[in-house]
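Given next are the chains, with one letter for each unit.
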Amino acid sequence: MSTVKFFQLVDIPDYRFSSDKEKCQNIDFDKIATDCDTKTISILEAINHIGISIMSEVEEKSLDKNKIIMLSGVIADLAELAMATNKIANSATYSSGYKDAKNV
C-alpha cells in the first residue's frame, strides 16, 4: 500500500490489532512514519510563518482585523493537522517496529 494523499493515512490499520495480517504485509509503516514526520515539520514551519505574518500585521499602523482572523483560523487548522500527522507517525513507527519484530 502506498499513500499519495493525506486522507489515505486515516484508515491505515494497526499491525498489532489487525485480524488480517496479510492486509498489513504490503504496508510500509516506516515510509508512512517518515512521510508523516516530514508533513508535521512542514505544517509547523507554515504555522511559524503565519505567526510571524500576524506579528508583522499587528505592528503596522493600519490593522486589518479580517486578515488576522483569517490567519488565526489557518493556524488553528494547521495545528490540528500537525497533531493528526504526529499521531499517525507515532502509530506507524510503532507498527513498523512491531511488524519487524514479528517477522524476524
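Residues numbered from 1 in each chain as written. Predicted model: local features only at pLDDT ≥ 70, side-chain atom pairs only at ≥ 80, totals over all residues. Heavy atoms only, no water.

(A) Highlighting the overall build of the protein chain. Along the backbone of the protein chain there are 3 helices and 0 strands. Secondary structure elements of the protein chain occur, N-terminal to C-terminal, as α-α-α. The buried share among the 104 residues of the protein chain stands at 28%. Considering only residue pairs separated by 6 or more positions, the protein chain has 67% of its internal contacts joining residues 24 or more positions apart. Total accessible area on the protein chain stands at roughly 7200 Å², and carbon and sulfur atoms take up 57% of it. (Helix = DSSP H or I, 4+ residues; strand = E, 2+ residues; numbered from the N terminus. Buried < 20%, exposed > 50% of the residue type's maximum accessible area, 1.4 Å probe, protein only. Contact = heavy atoms within 4.5 Å. Areas by Shrake-Rupley, 256 points an atom, 1.4 Å probe, with all protein chains shown as cover.)

(B) Main features of the confidence of the model for the protein chain. On average, the protein chain scores 79 in pLDDT, and the residues at 70 or more come to 83%. When pLDDT is averaged over each helix and strand of the protein chain, the minimum, 72, is found for helix α1 (residues 21-25) and the maximum, 87, for helix α2 (residues 29-59). (pLDDT = per-residue confidence, 0-100.)

(C) Summary view of the environment of Asp77. Mapped onto the secondary structure, Asp77 falls in helix α3 (residues 65-102). For Asp77, a relative accessible area of 48% corresponds to the partly exposed category. The spatial distance from the C-alpha of Asp77 to the C-alpha of Ile47 is 9.6 Å, given a sequence separation of 30 residues.

(D) Representation of the side chain of Ser96 within the structure. Tracing the backbone shows Ser96 in helix α3. Apart from residues lying up to four places away in sequence, Ser96 is in contact with Phe29 and Asp30.

(E) Looking closely at α2. Over its 31 residues, α2 extends 45 Å from the first C-alpha to the last, a length consistent with the 45 Å expected when each residue adds 1.5 Å. All of the buried residues along α2 are Phe29, Ile32, Ala33, Cys36, Thr40, Ile43, Ile47, Ile50, Ile54 and Glu57. (Expected span 1.5 Å × (residues − 1).)

(F) Looking closely at the nonpolar core. Grouped together as the largest cluster of nonpolar side chains are 11 residues: Ile12, Tyr15, Cys24, Ile27, Phe29, Ile32, Ala33, Cys36, Ile88, Ala89 and Ala92. For this core, the elements supplying multiple residues, two or more each, are α2 and α3. At 4 residues, the largest contribution of residues to this core is made by α2. Apart from residues no more than four positions distant in its own chain, Ala33 is found in contact with Ala89, Ala92 and Thr93. With 7 residues, the next largest nonpolar core counts Ile43, Ile47, Ile50 and Ile54 among its residues. (Core = buried A, V, L, I, M, F, W, Y, C linked by side-chain atoms within 4.5 Å.)

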